Amino acid sequence: LVFSVEDLISSEQLWMPAEDDVTDCVTLHVNPKTRKTVCRTFDVKDPKSVAKPADWKYQSGVCSSWATVSCWLSIDLVVPLTDNTTCTRNMDDCLKEELKVWAQQVERGVCLIDGKKLPEESEIKTGQKKNVRQTYTAQLLITPNKLMVPDVVQGCGGCVSIRGAIHSRAFLHSNKPKAKLAEKLLKRDIVSTVATRVQMLLEDLQTQNEENKGGRQTEQFFPPRRVFCPVKPTGPLSVCDYQFRDEGLSEMTDRFKEMLDMDAAEEDLDTTQEMIAEVIESEATAGTK
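Because the structure is predicted, anything quoted here is derived from the model rather than measured.

With respect to the overall build of the chain
Scanning the chain for helices and strands turns up four helices and nine strands. If you list the helices and strands of the chain from N to C, you get α-β-β-β-β-α-β-β-β-α-β-β-α. The proportion of buried residues among the 289 residues of the chain is 34%. In the chain, the proportion of contacts linking residues at least 24 apart, taken out of those at least 6 apart, comes to 68%. Total accessible area on the chain stands at roughly 19,200 Å², and carbon and sulfur atoms take up 52% of it.

Following this line, the structure appears as structure tokens:
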């Protein structure tokens, strides 16, 4: 089961694995009657890996000193659709290919932490008190490499334009977090959240198409925005959910309860990081949005 889950997750990732990635996955079994716990680890990149024993210890305030690195990034992608893109599935293939190219651009991007390009092995907590929560603001500078795109003329049945500004966060659990790790986690979160929202929008679009076979030449659709909820009021760690335009905050608190057993109140949700998509009225707009 562990290896199957890893294969599924890996198949959906748009980034290349790094040599320093942690490949040990933890399994925790809790006996519902005796409450006894059994913990094991597996190296998911080794098909012959066997279960290794691991100790499970309960501690308080584990994540109280974790560092948080966050950034905002503007997205403006135009994805051409081939002439035979007549259904959501073919559109999905075109979007995935374009997102892979974009993910490579993100990977090559220059990451500034608090306005500085830090050496990979430098600690981002240098000169700061230990066990004190720290937050950092990052900037990601992306330059499309147009030399990689061949000059090919091909038939086009339309295009999809993905635009907006997203918020990304990375949590660093190391006592001495390195700039290299912060950059890697932040870039992966950016790619992951965009790919997730595109997939959610496609699924919603497929449902709409089944209910309404008609359609205009140019349509605007609205990807969900990211809303954060702290796991604990005193810690930096937060989880996120995605809110569509027609959803209220109560629906999000219900999902947090269902998925994570969190009793989150509406006032606990951080809805300030991303705006709800707005309708853009323009006669010059062409293609499918």
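Things to note about the sheet that holds strand β7 (residues 158-172)
Whenever strands of a sheet pair, they do so through backbone hydrogen bonds, lying parallel or antiparallel. Strand order across the open sheet formed by four strands is β5-β6-β4-β7, with mixed pairing between neighbours. Pairing within the sheet leaves two strands with one partner each, and these edge strands are β5 (110-113) and β7. Pairwise comparison of adjacent strand axes, ignoring direction, gives a mean angle of 25° for this sheet. Summarising the sheet, strand β4 (residues 67-81) and strand β6 (residues 134-141) pair through four bridges and their orientation is parallel. Looking across to β6, one finds that Ala67 is bridged to Gln134.

Structural notes on empty space enclosed by the protein
Over the atoms rolls a probe the size of a water molecule, and in doing so it shows where empty space is left. Counted under the stated rule, the structure contains two cavities of 30 Å³ or more. Each pocket or cavity is described by its volume, and for the largest cavity that value is around 40 Å³. Residue lining of the largest cavity: Cys111, Ile113, Lys117, Leu118, Pro119, Glu120, Ala179, Lys180 and Glu183, and that is the complete set. Here the element with the most residues in the lining of the largest cavity is helix α3 (residues 179-211); it accounts for three residues. Here the residues of the lining of the largest cavity are counted per class, giving five nonpolar, no polar and four charged.

Describing the environment of Thr196
Checked against the element boundaries, Thr196 lands in helix α3. It is 9.8 Å that separates the C-alpha atoms of Thr196 and Pro224, two residues lying 28 residues apart in sequence.

As for the layout of surface pockets
Taken as a whole, the largest pocket spans an internal volume of roughly 1,100 Å³. What lines the largest pocket is a set of 28 residues, among which Phe171, His173, Leu181, Leu185 and Arg188 lie closest to the centre. Counting only elements with at least two residues in the lining of the largest pocket, the list comes to β7, α3, β8 (225-230) and β9 (238-243). The element best represented in the lining of the largest pocket is α3, accounting for nine residues.

Brief notes about the confidence of the model for the chain
Across the chain, the average pLDDT comes to 83, with 84% of residues at or above 70. Every residue in residues 283-289 scores below 50 in pLDDT, and together they form 18 contacts with partners more than four places removed in sequence or on other chains.

A word on the nonpolar core
Considering soluble globular proteins, one finds that nonpolar side chains tend to be buried as a cluster. If you look at the biggest cluster of nonpolar residues, it comprises 40 residues, and the most contacted ones within it are Val69, Ile75, Leu95, Leu99 and Trp102. Elements supplying a minimum of two residues to this core: β4, α2 (88-108), β5, β6, β7 and α3. Ranked by residues supplied to this core, first place goes to α3 with eleven residues. Contacts of Ile75, omitting those with residues within four sequence positions, involve Trp102, Ile162, Arg163, Gly164, Ile166 and Val194. Core analysis: the second largest hydrophobic core is formed by seven residues, Met252, Phe256, Ala264 and Leu269 among them.

Some points on the pattern of salt bridges
Applying the stated rule across the entire model yields 17 salt bridges. One salt bridge in this structure joins Arg197 and Glu274, with 2.6 Å as the shortest N-O distance. Of this pair, Arg197 sits in helix α3 while Glu274 sits in the segment after α4 (249-260), and the two are 77 residues apart along the sequence. Arg197 sits in the buried class, given a relative accessible area of 6%.

A few points about the side chain of Thr41
By the secondary structure assignment, Thr41 is in strand β2 (residues 37-43). Given the relative accessible area of 16%, Thr41 is considered buried. Apart from residues no more than four positions distant in its own chain, Thr41 is found in contact with Cys25, Val26, Val50, Ala51, Lys52 and Ala54.

Side note on a nonpolar patch on the surface
There is a patch of nonpolar side chains on the surface, built from Val26, Leu28, Val30, Trp56 and Tyr58 and spanning about 520 Å² of accessible area. Looking at the secondary structure, you find Tyr58 in the loop between β3 (52-53) and β4. What makes Tyr58 exposed here is its relative accessible area of 68%.

Some thoughts on the sheet that holds β3
The three strands lie next to each other as β1-β2-β3, forming an open sheet whose pairing is antiparallel. Single-partner strands in this sheet number two, and they are β1 (24-30) and β3. Strand direction decides the pairing type here: β1 and β2, joined by seven bridges, are antiparallel. What sits directly across from Thr27, in β2, is Arg40.

Reading guide: rules and limits
- Residues numbered from 1 in each chain as written.
- Predicted model: local features only at pLDDT ≥ 70, side-chain atom pairs only at ≥ 80, totals over all residues.
- Heavy atoms only, no water.
- Helix = DSSP H or I, 4+ residues; strand = E, 2+ residues; numbered from the N terminus.
- Buried < 20%, exposed > 50% of the residue type's maximum accessible area, 1.4 Å probe, protein only.
- Contact = heavy atoms within 4.5 Å.
- Areas by Shrake-Rupley, 256 points an atom, 1.4 Å probe, with all protein chains shown as cover.
- Pairing = 2+ DSSP bridges.
- Axes fitted to C-alpha atoms, helices over the stretch in contact; angles between N-to-C directions.
- 1 Å grid on protein atoms, 1.4 Å probe; cavity = no way out; pocket = protein on both sides within 12 Å on 5 of 7 lines; lining within 4 Å.
- Points joined across faces, edges and corners; volume = space filled by probe spheres on them.
- Nonpolar A, V, L, I, M, F, W, Y, C, P; charged D, E, K, R; others polar.
- pLDDT = per-residue confidence, 0-100.
- Core = buried A, V, L, I, M, F, W, Y, C linked by side-chain atoms within 4.5 Å.
- Salt bridge = Lys/Arg side-chain N within 4 Å of Asp/Glu carboxyl O.
- Patch = residues over 30% accessible without salt bridge, like charges linked within 9 Å, V, L, I, M, F, W, Y side chains within 5 Å.

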